[in-house]
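Listed here are the chains, written in short residue letters.
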Amino acid sequence: MGELFNAIASFLPDGFIASDEPGKITFINNTIEKITGWNLKELIGQNVSKVYSLLESNTLKPSPDIASMKSQAAILFKKDGKKITVPAKQIEIKDLNEKNKKGYLTIFFTDSSLNSNVDRAHLEFVSTVSHELRTPLTSIKGFADTLLRTKEKLPEDTQKKYIKIIRDQADRLTRLVEDLLAVSRLESQTQQLTIRAVDLQRAINSVCESLSSKSSHKIIQNIEKDLPPVLADADRLEQILTNLIDNAIKYSPDASMVTLAVLSLKNNNGIKEKIKIEVTDHGIGIKESDLPKIFTKFGRLDNPLTRQSEGTGLGLFITKSLVLALKGDISVKSKQGETTFTVILPALIPAEGILLEGTGDIK
Ligand code: ADP
């Protein structure tokens, strides 16, 4: 390794990793050590997959205009298990040790080249989405290949098992695409909301009916009598309730209790102006330090039940955005064995005289 190259590489703000043709690391610079927590000794000779993954297999040939060529997204795997997404370029070079062999230099643009948080957030989003799409696709392709190659030799129940995995993974892709569309509508503010007076009891019944047929949980309703209608978009309200009750079911033991408590909140003049909906489960709970993460895009927590259960990590992000779009508020309280999500939405104040959803009555 040339001393000059070494010295230059150590002073540059961007990260460098050199590797040989089979993918073994031959060099990393100080910046990579600093951001990932790995040191040179731990990585030399290791496969590059230990420290990074490129989302495209797009290697550039060395040329004078490399600087102006497009970067691609790369995920760096830190020693503490965390991941960071940065733009990167990979260039073909001569192997640093054996000059007549091919090698690669991968440059990770770690600070200067990302102009704004928006660029960074966008890149992170694209890379996570590609990763989330790739996981079910890899599994679908793998099981379909196996079935094509060895179908005759496989017992019938194994064939059925593989076909079921393919179907479940296709369902997972559909859910992901639907959630992504919801996120995109919310972010581009093209979400059309039809705010009306909605009968909350009716919305709750419809959601509970469809969810309870799929689980063994007991859903208990504790709903105040003479509740005023909620001012909301009926479909979006059902989506909020579905996401919260579905999570309560997913993250708590089979046959346990999920409680839905609904009551009105009065203003200083004694008028019922808001409605509070609480969804409580008796499941794994959420650690206090994890609470800020759950409302973020793709914020899934690392615990056995989360790993087991299907989910995109977009549900609560969508739920929170919808609640805010409906001029409401959402919060969560959790300890092991009990989690409560609370949503507060505006109620119809009688003088406002808005059409009661579905009945045609003027209240
Ligand atoms: P997912 O599709 O993973 O369910 P969400 O955005 O709905 O995504 O939730 C984000 C993460 O928050 C979940 O992956 C899970 O780890 C955690 N979580 C959500 N609801 C609950 C709950 N009721 N109890 C415990 N953990 C929960």
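Just above sits the structure.
Computed from a predicted structure; not experimentally measured.

A. Structural detail: the overall build of the protein. Helix and strand counts for the protein come out as 10 helices and 14 strands. Here the C-alpha radius of gyration of the protein, 26 Å, is well above what a compact globule of 363 residues would show, namely 21 Å. With respect to the three principal axes, the spread of C-alpha positions in the protein is 80 × 60 × 35 Å. Classification of the 363 residues of the protein by burial places 41% in the buried group. In the protein, of all internal contacts separated by at least 6 residues, the share reaching a separation of at least 24 is 61%. For the protein, the exposed area adds up to about 20,600 Å²; of that, 53% sits on carbon and sulfur atoms. In the protein, 49 positive and 46 negative side-chain charges are present, and the distance between their average locations comes to 3 Å.

B. Up close: helix α5 (residues 156-187). For α5, with 32 residues, the first-to-last C-alpha span of 46 Å sits near the 46 Å given by 1.5 Å per residue. Taken together, the buried positions of α5 are T158, Q159, Y162, Q169, L173, L176, D179, L180, A182, V183 and L186.

C. The arrangement of the environment of I140 in detail. Along the chain, I140 falls in helix α4 (residues 117-150). With relative accessibility at 18%, the residue I140 sits in the buried group. Sequence-wise, I140 and N222 are 82 residues apart; in three dimensions their C-alpha atoms are separated by 43 Å. The contacts of I140, once residues within four sequence positions are left out, are I166, Q169, A170 and L173.

D. Seen up close, the pattern of salt bridges. Evaluation of the coordinates by the stated rule reveals eight salt bridges. Salt-bridge contacts for D145 lead to K141; the nearest nitrogen and oxygen are separated by 2.8 Å. Remark: K141 and D145 occur in helix α4; sequence separation between them is four residues, near one turn of the helix. Using a relative accessible area of 52% as the deciding quantity, one classes K141 as exposed.

E. Spatial organisation of the nonpolar core. Counting 48 residues, the largest nonpolar core has L200, I277 and I294 as its most contacted members. The element best represented in this core is helix α7 (residues 234-250), accounting for eight residues. Residues I25, L43, L54 and L76 belong to the second largest nonpolar core, which totals 15 residues.

F. Summary view of the pairing of strand β5 (residues 72-77). Most of β5 sits inside the fold, with five of its six residues counted as buried. As paired elements, strand β3 (residues 52-54) and β5 share three bridges and run antiparallel to each other. Bridged to L54 within β5 is A74. Here β5 runs beside strand β6 (residues 83-94); their pairing, made up of six bridges, is antiparallel. The residue bridging A73 from the neighbouring strand is P87, located in β6. If you look at the hairpin formed by β5 and β6, you'll find five residues sitting between the two strands, and G81 has a positive phi there, around 95 degrees.

G. Region of the structure containing the site of the ligand. By nearness alone, 20 residues border the ligand, and N247, Y251, D281, R300 and L316 come closest of all. Contacts to the ligand include R300, whose side-chain N or O atom sits 2.5 Å from an oxygen atom. L316 places a polar main-chain atom, nitrogen or oxygen, 2.7 Å from an oxygen atom of the ligand. Expressed as a share of its isolated accessible area of 530 Å², the protein-covered part of the ligand is 98%. For the shell around the ligand, the elements supplying multiple residues, two or more each, are α7, α10 (315-325) and β14 (338-346). For the shell around the ligand, the residue count by class is eight nonpolar, nine polar and three charged.

H. Region of interest: α10. Of the positions making up α10, those classed as buried are L316, F317, I318, T319, S321, L322 and V323. Turning to α10, the residues buried within the fold contact α5, α7, α8 (291-294), β13 (329-335) and β14. Downstream of α10 by one or two residues, K327 has phi in the positive range, about 60 degrees.

I. Just unusual backbone geometry, in detail. A positive phi is found at A255, a non-glycine position, where the angle reads about 70 degrees. Within the secondary structure, A255 sits in the loop between α7 and β11 (257-266). Located in the positive-phi region is K327, a residue other than glycine, with phi close to 60 degrees. Position of K327 relative to the elements: it lies in the loop between α10 and β13. Of the residues examined, K327 reaches a relative accessible area of 72% and is grouped as exposed.

How each quantity is defined
Residues numbered from 1 in each chain as written. Predicted model: local features only at pLDDT ≥ 70, side-chain atom pairs only at ≥ 80, totals over all residues. Heavy atoms only, no water. Helix = DSSP H or I, 4+ residues; strand = E, 2+ residues; numbered from the N terminus. Rg over C-alpha atoms; globule rule 2.2 N^0.38 Å. Buried < 20%, exposed > 50% of the residue type's maximum accessible area, 1.4 Å probe, protein only. Contact = heavy atoms within 4.5 Å. Areas by Shrake-Rupley, 256 points an atom, 1.4 Å probe, with all protein chains shown as cover. Lys, Arg positive; Asp, Glu negative; His and termini not counted. Charge placed at Lys NZ, Arg CZ, Asp CG, Glu CD. Expected span 1.5 Å × (residues − 1). Salt bridge = Lys/Arg side-chain N within 4 Å of Asp/Glu carboxyl O. Core = buried A, V, L, I, M, F, W, Y, C linked by side-chain atoms within 4.5 Å. Pairing = 2+ DSSP bridges. Near = heavy atom within 4 Å. Polar contact = N/O pair within 3.5 Å; in protein donor to acceptor, adjacent residues only side chain to side chain. Nonpolar A, V, L, I, M, F, W, Y, C, P; charged D, E, K, R; others polar.

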